[in-house]
Amino acid sequence: MTAAALLNDIFRTKTVHDANGKTYQLDHNVDTEEGKFLTGLIKKYQPKRTIEVGCAYGISSLFICSALESVEGAHHTIIDPGQSKYYQNIGIDNLKKANINFFEFFEELSELKLPELLKSGQKYDLGFIDGDHRFEYTLLDFFYLNRMIDVGGIIVIDDTGIPAVNKMMRYVLNYPAYKIVDRVPLQNTSARKTFDTIVKRPASFLTKLFPEKLKYEFFSPALIKSEQSLQLNSAMIAMQKVANDDRNWDWFKDF
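Here goes a summary of the coordinates provided. As the structure is a computational prediction, the values presented were derived from the model and not from experiment. (Residues numbered from 1 in each chain as written. Predicted model: local features only at pLDDT ≥ 70, side-chain atom pairs only at ≥ 80, totals over all residues. Heavy atoms only, no water.)

Things to note about the nonpolar core
Operational definition: By convention a nonpolar core is built from buried Ala, Val, Leu, Ile, Met, Phe, Trp, Tyr and Cys residues, the set being connected through side-chain atoms within 4.5 Å. Buried, partly exposed and exposed residues are distinguished by accessible area as a fraction of the type maximum, computed with a 1.4 Å probe on protein chains only: under 20%, between the cut-offs, and over 50%, respectively. Where helices and strands are cited, they refer to DSSP runs of H or I of at least four residues and of E of at least two residues respectively, numbered from the N terminus. In what follows, residue pairs with any heavy atoms lying within 4.5 Å of each other are defined as contacts.
Within the largest apolar cluster, 41 residues are counted, with the highest numbers of intra-cluster contacts made by Tyr57, Ile59, Leu62, Leu95, Val156 and Met236. The set of elements that each furnish at least two residues to this core consists of α1 (3–13), α2 (32–45), α3 (59–68), α5 (90–97), β6 (124–129), β7 (149–158) and β9 (234–241). Counting residues per element, this core draws most heavily on α3, which supplies seven residues. The residues contacting Ile59, other than those within four sequence positions of it, are Leu7, Ile10, Phe11, Leu26, Asn29 and Val30.

See below:
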């Protein structure tokens, strides 16, 4: 079975199966729009060495590897500490069902495995972060991938609408070495649109009346730099490393 055929079957039935044939409802996965977004990035940038933090039922892995099949010499690395405990090895089994054989898998915590890969001199052209969504864990994943991605490489962050991930993105978007190259827009609910119109936009306007140095003394960074202006009203964001990360040792910007 091809990766595309397996993905079609999974999304049609909204279920996945373990090695014993037991059925599980599909959850904790990228949707078809996000999957096509990932495959589109790979077709555009043609990365050879890719890495993914978080696998679950293997949906994002299938999308990534289905696109990598057309890239000569491609190799995909997956890190997921809960693959057997929480997902019954279904993610890895799905890759095997799709006859994907150019990947390696580590059932380890990313905060422990990524430093090992860095120390061993590994380099990647594209990294996908979709692991532990707490602020510090997502930032740690980015920290290590930043050191293993060369200029021109891509880092994709999933679930950027989640508050902790959104806050982390506010920080890393200050890095002069990165720029957003593409994103999956977040669908705004009517309640959210109303709140933005009635509360956030007028409050954001007030920040423009203050000198730059005083703004952060009186206002939240979320009002000074809106989600729209930073493109953080997104479900998934792809950033390209456009320069070496040569920030000074005492570099800092409010976020």
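Overview of α1
Rules: In this description, the arc belongs to the directions extending from the helix axis to the C-beta atoms.
What α1 keeps buried is the set Ala3, Leu6, Leu7 and Ile10. In an axial view of α1, the angular spread of the buried residues amounts to 100°, which keeps them on one side of the axis. Relative to its buried face, α1 has exposed residues pointing more than 90 degrees away, namely Asn8 and Arg12. Looking at the buried side of α1, the elements it contacts are β1 (15–17), α3 and α5. After α1 finishes, the residue Lys14 shows a positive phi value of roughly 60°.

As for the pairing of strand β4 (residues 75–79)
For clarity, the cut-off: Pairing between two strands requires that DSSP report at least two bridges joining them. Here the term right-handed applies to a crossover when the path leading from its first strand over the helix to its second strand runs clockwise, the strands being oriented away from the viewer.
Where burial is concerned, most of β4 is hidden: four out of the five residues are buried. Where strand β3 (residues 49–53) and β4 come together, five bridges link them in parallel fashion. The residue of β4 that forms the bridge with Ile51 is Thr77. Running through α3, the crossover from β3 to the neighbouring parallel element β4 is right-handed. By the bridge criterion, four bridges tie β4 to strand β5 (residues 103–106) in an arrangement that is parallel. Counterpart to His76 in the pairing with β5 is Phe103.

Side note on unusual backbone geometry
Most peptide bonds adopt trans geometry, and most residues besides glycine take a negative phi value. Residue Asn89 is not a glycine yet carries a positive backbone phi of 60°. The topology assignment puts Asn89 in the loop between α4 (83–87) and α5. Taking relative accessible area as the criterion, Asn89 reaches 30% and is therefore assigned partly exposed. The residue Gln231 is not glycine, and still its phi comes out positive at about 65°. Counting through the fold element by element, Gln231 comes out in the loop between α12 (227–230) and β9. Judged by its relative accessible area of 33%, Gln231 is partly exposed.

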